[in-house]
Amino acid sequence: MTRKSILSVATALTILTASCGGNKENKETADNQQKETVANVDVRGQWYLENIVFNDSDYVRPSEEVPGVRQYIVFEDSTYFIQTNCNTFSGSFTVKGDSITLGDGAMTEMACDNMATEDAIRRILPNIATVYIQNDSIARLDSRNPSEYIVLRKAPIEIK
């Protein structure tokens, strides 16, 4: 069993015990363990930018904009780094539960033939508020604005 599975089973058992026993202390313990499990969202590593969505008809797919060029974001320690087809963004980030804050930072400003990804990132990044990870391979960064989000795909780990 993985650590995540063990935590999920332990949390479920604690919640079940708390709800059956009606003991306020057990319920508080279950609530705290649930919060602790949620707090373990792990975004570290390299993620490919798959889609930047503003609504059903306004979106950018970086791989379609500039085919053959990997555009990605790396989360490491408390910093993020974004590489597009010709510019970079970087700054600090914090994760608390499923909330994520991407702080202001530095950005290169080279002129490129296709600036669609850069323009979309500049537009959506300040509004990113929550993160959801599915199967440790897909992440969705949701905006405070309804229907806006970024889809990321986990890059394979390179063995050195």
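Residues numbered from 1 in each chain as written. Predicted model: local features only at pLDDT ≥ 70, side-chain atom pairs only at ≥ 80, totals over all residues. Heavy atoms only, no water.

Participant: How would you summarise the environment of R140 if you had to cite specific residues and measurements?
Facilitator: Structurally, R140 can be placed in strand β8 (residues 138–143). For R140 and I52, which are 88 residues apart along the polypeptide, the C-alpha to C-alpha distance reads 9.9 Å. In this view, R140 contacts T130, V131, Y132, Y149 and I150; residues no more than four positions away in its chain are not counted. A polar contact is formed between the side chain of R140 and the side chain of D142, at a distance of 2.5 Å. (Helix = DSSP H or I, 4+ residues; strand = E, 2+ residues; numbered from the N terminus. Contact = heavy atoms within 4.5 Å. Polar contact = N/O pair within 3.5 Å; in protein donor to acceptor, adjacent residues only side chain to side chain.)

Participant: Mind laying out the pairing of β8, listing which residues take part and the relevant values?
Facilitator: Relative to β8, strand β7 (residues 128–134) runs antiparallel, the two sharing 6 bridges. Bridge pairing links T130 to D142 in β8. The antiparallel pairing of β7 with β8 creates a hairpin that spans 3 residues between the two strands, and N135 there sits at a positive phi of about 55°. Hairpin connection of β8 to strand β9 (residues 149–154): 5 residues between the antiparallel strands, including S147 at a positive phi of 75°. (Pairing = 2+ DSSP bridges.)

Participant: Talk me through the confidence of the model for the protein chain; I want residue IDs and the actual numbers.
Facilitator: When pLDDT is averaged across the protein chain, the result is 82; 73% of the residues are at 70 or more. Under a pLDDT of 50 for its full length, residues 1–22 has, in the predicted model, 19 contacts with residues more than four places off or in other chains. Low pLDDT, under 50, characterises residues 32–37; the stretch is placed with 6 contacts to residues that sit more than four places away or in other chains. (pLDDT = per-residue confidence, 0-100.)

Participant: Summarise the pattern of salt bridges; cite the residues concerned and give the values.
Facilitator: A side chain with one charge may pair with a side chain of the opposite charge, provided their charged atoms come close. Counted by the stated rule, this structure contains 6 salt bridges. Here R153 ties to E50 by a salt bridge, and the two come within 3.1 Å at their closest N and O atoms. Of this pair, R153 sits in strand β9 while E50 sits in strand β1 (residues 45–55); the two residues are 103 residues apart in sequence, bridging distant segments of the chain. Taking relative accessible area as the criterion, E50 reaches 28% and is therefore assigned partly exposed. Note that D58 and R123 form a salt bridge whose closest N and O atoms lie 2.8 Å from each other. One end of the pair, D58, is in strand β2 (residues 58–60); the other, R123, is in helix α4 (residues 116–124), with 65 residues separating them in the sequence. Taking relative accessible area as the criterion, D58 reaches 27% and is therefore assigned partly exposed. (Salt bridge = Lys/Arg side-chain N within 4 Å of Asp/Glu carboxyl O. Buried < 20%, exposed > 50% of the residue type's maximum accessible area, 1.4 Å probe, protein only.)

Participant: Would you mind going over the nonpolar core in detail, with residue names and values included?
Facilitator: Within the largest apolar cluster, 24 residues are counted, with the highest numbers of intra-cluster contacts made by F75 and L152. At 4 residues, β1 tops the list of elements feeding residues into this core. Not counting residues within four places of it along the chain, the set of residues in contact with F75 comprises V43, R44, G45, W47, Y80, F93, I100, L102 and L152. (Core = buried A, V, L, I, M, F, W, Y, C linked by side-chain atoms within 4.5 Å.)

Participant: Which residues make up unusual backbone geometry, and what values do they have?
Facilitator: Phi is positive for D77, close to 50°, though the residue is something other than glycine. Along the chain, D77 falls in the loop between β3 (72–76) and β4 (79–83).

Participant: A description of the environment of W47 should follow, citing residues and the corresponding values.
Facilitator: Mapped onto the elements of the fold, W47 is located in strand β1. Spatially, the C-alpha atom of W47 lies 9.9 Å from that of R70, the residues being 23 residues apart in sequence. For W47, the side chain forms a polar contact with the main-chain oxygen of V43, separated by 2.7 Å.

Participant: So what's going on with the side chain of S143? Residues and values would help.
Facilitator: If you trace the backbone, S143 turns up in strand β8. Within polar-contact distance, the side chain of S143 engages the backbone nitrogen of N145 at 2.9 Å. Setting aside residues no more than four positions away along its own chain, S143 makes contact with I124, N127, I128, A129, E148 and Y149.

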